[in-house]
Every structure is written in C-alpha cells, then in structure tokens.
Amino acid sequence: MTVPRVQRRSLKRRLAEGDSLRGVLLRLPSETLVEMAGVAGLDYVVIDCEHGSADTALLQQHIMAAEAHGIDVLVRVGTAEPTLALRCLDLGAAGLIHPHVDGAEDARRAVAASHYPPWGERGFATYSRSGRFGTVPAAEHVAASRQTLVIPMIETQRACAAADEIAGTEGVDAVLVGPADLAADCGFPAPEAVNGLIRQAHRAIVENGRTVMTIVPHLEAARAAEEAGARLIVFNMAQVLMDTFGALARPSRP
C-alpha cells in the first residue's frame, strides 16, 4: 500500500488566487537553510544551479528537506538546459527559472522544457519522485505537472525591449528581471538607468497579466517591491547573510 500524497495549494494556484509569496535564493549545499526557511514560514526557496552547483543528488536532498517542512522549491537552471530542467522537475521541483531569455523564441523554449506535450517537450515518466515512483496514474501526473511555474529571466537591454513578447508567451507564469546581468550588459551605468529599464520591463509583465518576480537584498527593499506590485519576492541570502555577519563583526561603540 502506498501512502496518499498530502495535497497543498501549489505556488501557481496561490498566485492565481492573488497571494504574494516570499522566498530565499540559496546555493547547494544549504539543507539547514532550506529547513530554517520552512520553519520560519517562507513560501519557497530558489536553488541556484546556474551560478552554483548543479549536483542533482544534492538537489534531491534539498527538495526532500523542503517537502518535510511544507515549502516549495524553484530551481534556476542554466541557459538553455532542457536536460537539467527535466531532471529538476522529475525530482519534484515546483517550477523553473530560465536565465538569459532575450525574446519570444527563447521564452517558448523555456516553456517547452518545463511541460509535457502538448504544452511542451519534457520527456515523460511517472517512475521519478514527482510521479511517486510509478504509483501515480499518467493522467494525474500530467495534470499535476501543469502546476509547474515557468519563469523566464530578462537580463539584457535586448530582453527589456522584448519584454512584452516574452511576458506574452503562452505558458509563461512570471518574469524575473536580473539586475546584475542587466547592469553588466549596459556597461554598469548609473543605477537609475538600470532601474528605468527594470520599470519598463515590469510594466510589460503586468500588462500581459503575468507575475513580477523580484530579487531583493533586505526587508525594506521587499516591502518597496511589494508596494510596486511584485508578488514573488526572493531574498538574496548571500547578501542578507554577509550584511548580517558584517554587522556582527563590527565592534559596538561604548
């Protein structure tokens, strides 16, 4: 006898119902931080397999830790990595963040890598973790897979100019503007120049009925982003922790 799956509202459904969600960006290995995020009541964690390790054995352990504490896992894969996308979803990731999406064709490829036919081109299997090791009927498994979040990243001036067509691509759920890569693409201009491009992209995202995802360094920035309309907030934990450690290391004045 198999143990019934405990059902909870997916991130996709929660966004559709109007929720605003907060998560943290982590790199492998960070099992304890995943557990702490769940205990604290955050909604999700993002595991960064683009700028961090893409070890799927470690990733499985982190997803298991997250599930034990009722928190979902999104994975940032590398640029145009459908094979890694497949493995992350088979392990039970709730969604994928696809970096360096510069136009509609890139966005369509991201959607295709994230979904089974006819929505996409993901290879089908039910014997993975996400299919409960073959115990879930095919139709049920496909239906569950449609709750996968697909989040392209806009990271260049070209992508900002194409924000409307990226956000308007069928199957895209949310869009994240990557401020660091965008600044690099612009030659590291004054912050306001980059912020203007970000606002332009955010307008296009909202006008297409998609969710704005934003990465922030601290709580004040999160509140400002939410007031501006972002509903997927992700804290950059490397910066949060380094700021905290720096504050702890500074001697207090008498």
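Refer to the structure above for everything that follows.
Please read these numbers as outputs of a predicted model, since none were measured by experiment.

1. Regarding the environment of Cys160
Counting through the fold element by element, Cys160 comes out in helix 7 (residues 157-161). Through-space distance from the C-alpha of Cys160 to that of Ile198 is 7.5 Å; in sequence the pair is 38 residues apart. Residues within four places of Cys160 in sequence aside, it is in contact with Ile154, Leu182, Leu197 and Gln200.

2. Observations regarding the nonpolar core
Counting 54 residues, the largest nonpolar core has Val45, Ile47, Leu59, Val75, Cys88 and Ile154 as its most contacted members. For this core, the leading source of residues is helix 10 (residues 191-207), giving six residues. Look past the residues within four positions of Ile47 in its chain and what remains in contact with it is Leu26, Leu28, Val34, Leu59, His62, Val73, Leu74, Val75 and Arg76. Counting residues in hydrophobic clusters, the runner-up holds 17 residues, among them Leu15, Leu25, Leu74 and Leu232.

3. Here we look at helix 5 (residues 104-114)
Considered for burial, the residues of helix 5 that qualify are Ala104, Ala107, Ala110, Val111, Ala112, Ala113 and Ser114. Elements that come into contact with the buried residues of helix 5 comprise helix 4 (82-91), strand 4 (95-98), strand 5 (149-154) and helix 8 (163-167).

4. Points about the packing of helix 2 (residues 31-40) against helix 3 (residues 56-68)
The contact between helix 2 and helix 3 brings their axes to 9 Å, and the two run at 20 degrees. In terms of orientation, helix 2 lies roughly parallel with respect to helix 3. Helix 2 and helix 3 meet at a crossing whose hand is right-handed. Packed against helix 2, whose contacting residues are Glu31, Val34 and Glu35, the element helix 3 presents Leu58, Gln61, His62, Ala65 and Ala66 at the interface. When the residues that make up the contact of helix 2 with helix 3 are grouped by side-chain class, the tally is four nonpolar, two polar and two charged.

5. Quick look at the side chain of Thr214
With respect to the secondary-structure elements, Thr214 resides in strand 7 (residues 211-216). For Thr214, a relative accessible area of 14% corresponds to the buried category. With residues near it in sequence (within four places) discarded, Thr214 still touches Leu176, His202, Ala225, Ala230, Leu232, Ile233 and Val234.

6. Topic: the pairing of strand 3 (residues 72-76)
The side chains of a regular strand alternate, residue by residue, between the two faces of the sheet. Burial runs high along strand 3: five of the five residues are buried. The alternating pattern of strand 3 places Asp72, Leu74 and Arg76 and Val73 and Val75 on opposite faces, both of which are buried. Of the pairings in the sheet, the one linking strand 2 (residues 44-48) to strand 3 comprises five bridges and is parallel in character. Its bridge partner being in strand 3, Ile47 is matched across the sheet by Val75. Pairing analysis gives three bridges linking strand 3 to strand 4, with the strands arranged parallel. Counted as the bridge partner of Arg76 is Ile97 from strand 4. Handedness of the crossover joining strand 3 and strand 4 through helix 4 is recorded here as right-handed.

7. Thoughts on the packing of aromatic side chains
Within the structure shown, the criterion is met by one aromatic pair. Sitting over the ring of Trp119, Arg146 keeps its end group 5.0 Å from the ring centre.

8. Some details on the sheet that holds strand 3
On the basis of which strands lie adjacent, the closed barrel formed by eight strands has the order 1-2-3-4-5-6-7-8 and parallel pairing. Each strand of the sheet is rotated relative to its neighbour by a mean of 25 degrees, with strand direction disregarded. Here helix 5 sits on the sheet in contact with strand 4 and strand 5, set at roughly 155 degrees to strand 4.

9. Notes on the pattern of salt bridges
All told, the structure shown has 17 salt bridges when counted by the stated rule. Residue Arg22 is joined to Glu226 by a salt bridge in which the shortest nitrogen-to-oxygen separation is 2.8 Å. Pair noted here: Arg22 is in strand 1 (residues 21-26) and Glu226 is in helix 11 (residues 219-227), with a separation of 204 residues, a long-range link. By relative accessible area, which is 24% here, Arg22 ends up partly exposed. With a relative accessible area of 27%, Glu226 lands in the partly exposed category. Sharing partners across several salt bridges, the network here consists of Arg9, Arg14, Glu17, Asp19 and Asp43.

10. A short note on the packing of helix 3 against helix 4
In contact at an axis separation of 10 Å, helix 3 and helix 4 are set at 35 degrees when each is read in the N-to-C sense. The interaxial crossing formed by helix 3 with helix 4 has right-handed handedness. In contact with Thr56, Leu59, Gln60 and Ile63 of helix 3, helix 4 contributes Leu84, Arg87, Cys88 and Leu91. For the contact of helix 3 with helix 4, a count of residues per class yields five nonpolar, two polar and one charged.

Cut-offs and rules
Residues numbered from 1 in each chain as written. Predicted model: local features only at pLDDT ≥ 70, side-chain atom pairs only at ≥ 80, totals over all residues. Heavy atoms only, no water. Helix = DSSP H or I, 4+ residues; strand = E, 2+ residues; numbered from the N terminus. Contact = heavy atoms within 4.5 Å. Core = buried A, V, L, I, M, F, W, Y, C linked by side-chain atoms within 4.5 Å. Buried < 20%, exposed > 50% of the residue type's maximum accessible area, 1.4 Å probe, protein only. Axes fitted to C-alpha atoms, helices over the stretch in contact; angles between N-to-C directions. Parallel < 35°, antiparallel > 145°, perpendicular 65-115°, else oblique. Left-handed = near helix turned anticlockwise from the far one by under 90°. Nonpolar A, V, L, I, M, F, W, Y, C, P; charged D, E, K, R; others polar. Pairing = 2+ DSSP bridges. Right-handed = clockwise from strand over helix to strand, strands pointing away. Phe/Tyr/Trp six-rings, centres within 6.5 Å; stacked < 30°, edge-to-face > 60°. Lys NZ or Arg CZ within 6 Å of the ring centre and 35° of its normal. Salt bridge = Lys/Arg side-chain N within 4 Å of Asp/Glu carboxyl O.

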